[in-house]
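# Working through the structure, step by step
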Amino acid sequence: MVTIMTDLADCPPHFWVEPQDQFLICGTAAAQRQALALGLDSSRVVRISGMIVRPEFYVPRKLCRANERRRLGLAPDLPTGLVMFGGYGSTHMLTIARRLAEGGQKLQLIFICGHNQRLREQLSAMKLPFPCQVEGFTRDVPYFMQLADFFIGKPGPGTISEALVSGLPVIVARNASTMPQERYNTEWIMQNQLGIVVRSFSEIGGAVATMIDAKQSRHFRTRVRKVNNRAVFEIPEILDEIMAMRQESWTGRVIQAIA
């Protein structure tokens, strides 16, 4: 049996890691430590470089960001945030729009509302003082991430990983309503300086001001480049090794990656 964790850390008890005869593939040092603490054989706890992200996020596109931004009605050179909260969006997006409208920063936003048509209509009807593009459901999230400079959204492992693979530092929130299995993700972001964690999206103005500061932006983007998550390409090779080996021959492997 092989368990592939798709969270950055376990959320015990009985969430990901169980003390049974299995291989465990995990994407962070924290998850690896948790597995060993529960007594799993160290030779069967396999460290990879991150979470699985769809391969299309790795495919470079020959596009001119300035031209693509113009095509969407955006300015070619303004700092651009991508705001996304899963397949059905979130009313947090309205809060983010209002707070940033009040702040007066020179920026623009791309909102992806998913299947939430009412939210799309509400955002489209807002008279925002900055350029914005409001999208509904799209299968081409990688395209919009390539047009952005930073990401605002929920601290889910998949969304965070997609943003980081796309080179985007992140702004997420952590508070009492954050799902237990996503709380470690915010700690990981702060520890590795991959973005900003706020208590509430009512604080988004200050977070964005920091994010678009030239010096801070360079720092975050440098940190993001160090992540180098290649999990989706590493895992098939690991599964091939496990399937091909004799049980006693496995010696274990570790992918060098960010903690």
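Higher on the page you've got the structure.
Overview of the structure. Keep in mind the model is a prediction, meaning the values are calculated, not measured. (Residues numbered from 1 in each chain as written. Predicted model: local features only at pLDDT ≥ 70, side-chain atom pairs only at ≥ 80, totals over all residues. Heavy atoms only, no water.)

### Observations concerning the overall build of the chain
Helices and strands together make up the secondary structure of the chain, namely ten helices and nine strands. Computed over its C-alpha atoms, the radius of gyration of the chain comes to 20 Å, within 12% of the 18 Å expected for a compact globule of 259 residues. C-alpha atoms of the chain, sized along the principal axes, occupy 65 × 40 × 35 Å. A sequence separation of at least 24 residues applies to 63% of the contacts in the chain between residues at least 6 apart. Accessible surface for the chain amounts to roughly 12600 Å². Of this, 51% is attributable to carbon and sulfur atoms. Of the charged side chains in the chain, 30 are positive and 23 negative, and the gap between their average positions amounts to 9 Å. (Helix = DSSP H or I, 4+ residues; strand = E, 2+ residues; numbered from the N terminus. Rg over C-alpha atoms; globule rule 2.2 N^0.38 Å. Contact = heavy atoms within 4.5 Å. Areas by Shrake-Rupley, 256 points an atom, 1.4 Å probe, with all protein chains shown as cover. Lys, Arg positive; Asp, Glu negative; His and termini not counted. Charge placed at Lys NZ, Arg CZ, Asp CG, Glu CD.)

### Re unusual backbone geometry
Backbone torsion omega between proline 12 and proline 13 reads 0 degrees, so that peptide bond is classified as cis. Considering the arrangement of structural elements, one finds proline 13 in the loop between strand S1 (2-4) and strand S2 (23-26). A positive phi is found at glutamine 193, a non-glycine position, where the angle reads about 55 degrees.

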